[in-house]
Amino acid sequence: PVVMRRLSVVVVVVVSLWISFLSLGTGSKVQVGVYIEALCPYCRNYVTTVLWDAWQDAEVRMLMDLEIVPYGNAHYVEDPDALGGYTFTCQHGPHECQANIVEACAMKLLDGMEQFLPLLVCSDGVSDPVEGMRICYGNAGLDYAPVDSCAQGALGVTYLHEMAVKTDSLSPPHRWTPWIVVNGKSDEATQTAAREDLPRLVRKLSEDPDGSSSPSLSLSPSPSPLPSPSPLPSPSPLPSPSPSPAPPTDQSNTNNERKHILIAVTVGVVVLILVGAGWFAVWGERERRQRALPERIALTVIEETPGPAVAEGEHAQNVGTDTEPMVQAEMEERRGE
């Protein structure tokens, strides 16, 4: 038992240290938040070009944790008489509020960004994003009824209010849309870098989350407006979420090799720990049995050897039994005389 307790402590310490080292070696995901509004042409242009191109890079997709918040420059007030308890006013009119609700419902009801972003890109290719989402759901073979029910009811208002709270909680507040927040930062250099080369920014921050050892992340000294959005195309089939990624850079090759080595070493360490634990368990059980063997032998001898009182009693009983016929014969002889 003592050996097993010590072994358990060693295993826990080794595994904890190795997990810490592994997490430091592979780095943490880069948090990317994109704050948009449904009818903003710059937002739609950013989603269908910069963001979609970055998402198509398999390595970048693995390195970042993407969040999209459809609300933008809207405002809301509490209204007990309104559906869901809130009334919204959007920059591009009431239809944008409805489109924001549709996008919020789709994002909440779908299974993660892997499903939502391709649908958002597809619907942004239609002049009316509400109708576009319906068309793109059909192209993807998905049931649009739950989204429509959500968007027409109080649940959609609740989801849009969640987007409003996230947007209004930005510090510093957003100044335009799309507004990009990367690892909690939204300064001008981050805005510019995220709009001009999001994959490069994500790769740099995955290696150096604080940006302390990297050169300036921005590609230009001050933010410049996004290019004028190209004319929105007619409805098109849902884009493929995973086209062939761009050829990996030397840095990405180094990262992949490091990850493979860490995974291989981790598996080796786990196997050694399991084998060692099994060997110590067998060895400990064998030692325990060997220590208990003399005690079992002694108990067996004691149980099989009769005690003195028992032996004397049995002897007396045997003696009495053997002499009884002789006494009876002598008495009979005396009677005959």
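A short tour of the structure in this document, coming up.

Criteria and cut-off values
Residues numbered from 1 in each chain as written. Predicted model: local features only at pLDDT ≥ 70, side-chain atom pairs only at ≥ 80, totals over all residues. Heavy atoms only, no water. Helix = DSSP H or I, 4+ residues; strand = E, 2+ residues; numbered from the N terminus. Buried < 20%, exposed > 50% of the residue type's maximum accessible area, 1.4 Å probe, protein only. Contact = heavy atoms within 4.5 Å. Areas by Shrake-Rupley, 256 points an atom, 1.4 Å probe, with all protein chains shown as cover. Core = buried A, V, L, I, M, F, W, Y, C linked by side-chain atoms within 4.5 Å. Pairing = 2+ DSSP bridges. Axes fitted to C-alpha atoms, helices over the stretch in contact; angles between N-to-C directions. Parallel < 35°, antiparallel > 145°, perpendicular 65-115°, else oblique. Left-handed = near helix turned anticlockwise from the far one by under 90°. Nonpolar A, V, L, I, M, F, W, Y, C, P; charged D, E, K, R; others polar. Salt bridge = Lys/Arg side-chain N within 4 Å of Asp/Glu carboxyl O. Disulfide = S-S within 2.5 Å.

Topic: the overall build of the chain
The helix and strand inventory of the chain stands at 12 helices and 5 strands. Within the chain, the fraction of its 337 residues that count as buried is 34%. For the chain, contacts bridging at least 24 residues in sequence account for 74% of all contacts bridging at least 6. With an accessible surface of roughly 19,700 Å², the chain has 60% of that area assigned to carbon and sulfur atoms.

Examining the nonpolar core
Among the nonpolar cores identified, the biggest contains 66 residues, and Val32, Leu51, Leu66, Ile68, Phe116, Leu117 and Leu198 are the most heavily contacted of them. Those residues in contact with valine 32 that sit more than four places away from it in its chain are Met64, Asp65, Leu66, Glu67, Ile180, Val181, Val182 and Val202.

A short note on the environment of glycine 132
With respect to the helices and strands, the residue glycine 132 is situated in helix α6 (residues 129-139). Taking the C-alpha atoms as reference points, glycine 132 and leucine 119, separated by 13 residues in sequence, lie 9.0 Å from one another. Setting aside residues no more than four positions away along its own chain, glycine 132 makes contact with Ser123 and Val126.

A few points about helix α5 (residues 113-123)
In terms of burial, α5 is a largely internal element, 9 of the 11 residues being buried. Those residues of α5 lying buried are Met113, Phe116, Leu117, Pro118, Leu119, Leu120, Val121, Cys122 and Ser123. Where α5 is buried, its residues meet β1 (30-36), α2 (41-56), β2 (64-70), α4 (94-109) and α6.

Quick look at the pairing of strand β5 (residues 179-182)
Residues of β5 alternate between two faces, with Trp179 and Val181 on one and Ile180 and Val182 on the opposite face, all of them buried. When β1 meets β5, the two strands line up antiparallel, connected through 4 bridges. Looking at the pairing, glycine 33 lines up with valine 181 of β5.

Some remarks on the packing of α4 against helix α7 (residues 145-152)
Packing of α4 against α7 brings their axes to within 9 Å, and their N-to-C directions diverge by 130 degrees. Regarding the angle of α4 to α7, the classification is oblique. Classified by chirality, the crossing of α7 by α4 is right-handed. On α7, the residues that touch Gln98, Ile101, Val102, Cys105, Ala106 and Leu109 of α4 are Pro146, Val147, Cys150, Ala151 and Gln152. Among the residues forming the contact of α4 with α7, the class breakdown is 9 nonpolar, 2 polar and no charged.

Thoughts on the pattern of salt bridges
Within the structure shown, the criterion is met by 8 salt bridges. Across the pair aspartate 124 and arginine 44 runs a salt bridge, and its minimum N-O distance is 3.3 Å. With aspartate 124 in the loop between α5 and α6 and arginine 44 in helix α2, this residue pair connects regions lying 80 residues apart in the sequence. With relative accessibility at 3%, the residue aspartate 124 sits in the buried group. Residue class for arginine 44 comes out buried when judged on its relative accessible area of 5%. It is possible to trace a salt-bridge network through shared partners that takes in Asp57, Glu59 and Arg203.

Here we look at unusual backbone geometry
In this chain, serine 171 is followed by proline 172 through a cis amide linkage whose omega measures 0 degrees. Note on placement: proline 172 falls in the loop between α8 (154-168) and β5. Positive phi values are uncommon outside glycine, yet asparagine 183 reaches one of about 50 degrees. Looking at where asparagine 183 falls in the secondary structure, it is placed in the loop between β5 and α9 (188-196). Residue asparagine 183 is classed as partly exposed on the basis of its relative accessible area, which comes to 27%.

Re the sheet that holds β5
In a beta sheet, neighbouring strands pair by backbone hydrogen bonds and run either parallel or antiparallel. Taken in spatial order, the 3 strands of this open sheet run β2-β1-β5, and their pairing is mixed. With one partner strand each, in any of the chains shown, β2 and β5 form the two edges of the open sheet. For this sheet, the mean inter-axis angle between neighbouring strands, taken without regard to orientation, is 15 degrees. On top of the sheet, α5 reaches β1 and β2; it is set at about 50 degrees to β2, its chief contact.

Side note on the state of the cysteines
For the coordinates displayed, the defined rule picks out 3 disulfides. Linked covalently through their sulfurs, cysteine 90 and cysteine 97 form a disulfide whose S-S length is 2.0 Å. An S-S torsion of about 120 degrees defines the bridge between cysteine 90 and cysteine 97 as right-handed. Comparing cysteine 90 with cysteine 97, the two get one shared label, buried. Numbered by order of appearance in the sequence, the disulfide-linked cysteines of the chain pair as 1-2, 3-6, 4-5. The thiol sulfur of cysteine 40 is not disulfide-bonded, and the nearest other cysteine sulfur, from cysteine 43, lies at 3.0 Å. Among the residues examined, cysteine 40 registers a relative accessible area of 5% and is labelled buried.

Purely geometric numbers; function is a separate question.
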